[in-house]
Amino acid sequence: GACYSLQHARIAAESIDAAIGMSAEISVDAELQFAKALYLSLASGASLADSFNCARSQLKLLSPTHADVPVLCLKNGVSAENIKLMPKSLTKKGG
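Thresholds, definitions, all that
- Residues numbered from 1 in each chain as written.
- Predicted model: local features only at pLDDT ≥ 70, side-chain atom pairs only at ≥ 80, totals over all residues.
- Heavy atoms only, no water.
- Salt bridge = Lys/Arg side-chain N within 4 Å of Asp/Glu carboxyl O.
- Helix = DSSP H or I, 4+ residues; strand = E, 2+ residues; numbered from the N terminus.
- Buried < 20%, exposed > 50% of the residue type's maximum accessible area, 1.4 Å probe, protein only.
- Expected span 1.5 Å × (residues − 1).
- Arc of directions from axis to C-beta.
- Contact = heavy atoms within 4.5 Å.

**Description of the pattern of salt bridges**
Applying the stated criterion across every chain yields a total of one salt bridge. Between Asp 68 and Arg 56 there is a salt bridge, with its nearest N and O atoms 2.7 Å apart. Of the two residues, Asp 68 sits in the loop between α3 (48–62) and β2 (70–74) while Arg 56 sits in helix α3, which places them twelve residues apart along the sequence. Residue classification places Asp 68 among the exposed residues on the basis of a relative accessible area of 59%. Arg 56 gets classed as partly exposed once you look at its relative accessible area, which sits at 24%.

**Looking at helix α2 (residues 28–43)**
The periodicity of an α-helix, 3.6 residues per turn, causes residues three or four positions apart to be oriented the same way. Taking 1.5 Å of rise per residue, 16 residues should cover 22 Å, and α2 covers 22 Å from first to last C-alpha, within 8% of that figure. All of the buried residues along α2 are Ala 30, Glu 31, Phe 34, Ala 37, Leu 38, Ser 41 and Leu 42. Mapping the buried residues of α2 onto a view down its axis gives an arc of 135°, with all of them on the same face. Along α2, exposed side chains directed more than 90 degrees from the buried face belong to Val 28, Asp 29, Leu 32, Lys 36, Tyr 39 and Leu 40. Check the buried side of α2 and you find it contacts β1 (18–22), α3 and β2. One or two positions beyond α2, positive phi appears at Gly 45, with a value near 105°.

Structural data, given as structure tokens:
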């Protein structure tokens, strides 16, 4: 797990566009739920901003006490709305 990794994420975001850190202790199950929702959303073509919000919403439903633990850190001048893993055109089936 990556409990209390927020400071590391902030430092990383000085050099890379984005990093996610944990502001407190989080259970392995909650961490896995968050990661699963985040990466499924990213793989569907959603932006990092939408994917992060989706993952936090999922975490809020499944583990409310951990919902605010993940924190998205961005490099100065970077918008999470502009960060995508895959363009939507690659995620459409049959086309």
